[in-house]
Amino acid sequence: MTAPLTPPHQPPNDGPWQHAQGAGATAAHHTAKAADETDMRTELKQAAVVTLVVAVSGVLLGLLWLWLSPRVPLIAGESAVFLKDTEGEEAIGADGTFVLLALGFGLVSAALVFLFRRRGGVPLVVGLALGGLLASGLAWLVGWGLGPDDVVTQARAAGEGATFDAPLELNARGALLAWPVAAMIVHLALTALFGPRDPEPEWVPFGAPYLPADREDGPETGR
C-alpha cells in the first residue's frame, strides 16, 4: 500500500509562493488597519476643534440677542413691581429673537464646517451638534449676565413710580436646541447633495472569472 500523492493540480500547502502570499495579505491588513486608526484620530481632532470654535461663537449670539431683543418695561410700586403694558408681548419676542438668531447661526456654522471638511463623518457631526448646544447655553448666560440687573435691585434704585427694564430671560428652554438641530439638518443635507460619492462596485457577469485591476490583460499563462 502506497501513501496518497498530492494531485498535480493542487500544489502542496508548504509552497514558498503561499507563504509569500500570506505575508503580503497580513501586511496589507495591518497597513489598512493603521490607516483607519490614523483617519479616526484625525476626525476626532477635527471634531474637537469644531466643537470649541462653534461653542465660543455663542458669545456673538448672546451679544446679538441682547442688542436685538425687545425689553419688558416694569413700574416700581410702593411694595411690588408691575408690568407697564399688561398686554405686551416683549417676553415672547425675546424668546423668538433667540430662536431666529440661533437658527441662523446653526445654518452658517453647518455650511462652514461642510466647506472645512466635505467628507463629513460621525465625529464631525457630533462635534457640530455639541458645539451648537454649548454655544446656545453660553449665549443665554452672556445675554442674561450683560442685560439689566435683577428686579429688586433696579426697583430700589429707580424709586416708586419709575420705569425700568426687566432682566433678559429665556423662558422657553427648548430654544437652546435650535442651533444644534438646525446645524445637524443643514450639514446632513449639504453632505447628501454635494458630498463626495463612494465609487460604485465593479459589475462582473455571472460565471465570468474575476480579474483584479492589475491583471486586466488576462490570466497569466504558463510557459
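Residues numbered from 1 in each chain as written. Predicted model: local features only at pLDDT ≥ 70, side-chain atom pairs only at ≥ 80, totals over all residues. Heavy atoms only, no water.

Below, the discussion takes up the nonpolar core. Core analysis: the largest hydrophobic core is formed by 23 residues, its most contacted members being Val50, Leu61, Trp65, Phe98, Leu128, Leu170 and Trp179. Elements supplying a minimum of two residues to this core: α1 (16-56), α2 (58-68), α3 (90-116), α4 (122-146) and α6 (178-194). Take this core: its biggest share by element is seven residues, from α3. Contact partners of Phe98, with chain neighbours within four places excluded, come to Leu61, Trp65, Ser136, Ala139, Trp140, Leu170, Ala175 and Leu176. Val72, Ala155, Phe164 and Ala166 belong to the second largest nonpolar core, which has six residues in total. (Core = buried A, V, L, I, M, F, W, Y, C linked by side-chain atoms within 4.5 Å. Buried < 20%, exposed > 50% of the residue type's maximum accessible area, 1.4 Å probe, protein only. Helix = DSSP H or I, 4+ residues; strand = E, 2+ residues; numbered from the N terminus. Contact = heavy atoms within 4.5 Å.)

This part covers the packing of aromatic side chains. All chains considered together, the criterion is met by two aromatic pairs. Plain terms: the ring middles of Trp65 and Phe98 are 5.1 Å apart, the flat faces sit at 80° to each other, and that makes the pair edge-to-face. Taken together, the residues span a long stretch of sequence, with Trp65 in helix α2 and Phe98 in helix α3 at a distance of 33 residues. Here Trp65 matches Phe98 in class, with each residue buried. (Phe/Tyr/Trp six-rings, centres within 6.5 Å; stacked < 30°, edge-to-face > 60°.)

Pairing in this open sheet of three strands is antiparallel, and the strands run β2-β1-β3 from one edge to the other. The open sheet has two edge strands with one neighbour each: β2 (81-83) and β3 (163-165). Between one strand and the next, the sheet's axes are offset by a mean angle of 40°, whatever the strand orientation. In this sheet, β2 lies alongside strand β1 (residues 73-76) in antiparallel orientation, the contact comprising three bridges. Considered in β2, the bridge of Leu74 is made with Leu83. Contacting β1, β2 and β3, helix α5 (residues 151-158) crosses the sheet at an angle of about 150° to β3. (Pairing = 2+ DSSP bridges. Axes fitted to C-alpha atoms, helices over the stretch in contact; angles between N-to-C directions.)

The subject of this paragraph is the packing of α3 against α4. At a minimum axis separation of 11 Å, α3 and α4 run at an interaxial angle of 150°. The angle between α3 and α4 falls in the class roughly antiparallel. Taken as a pair, α3 and α4 cross one another with a handedness that is right-handed. Residues Phe98, Ser109, Ala110 and Val113 of α3 pack against Leu124, Leu128, Ser136, Ala139 and Trp140 of α4. (Parallel < 35°, antiparallel > 145°, perpendicular 65-115°, else oblique. Left-handed = near helix turned anticlockwise from the far one by under 90°.)

This is a description of form; function is not addressed.
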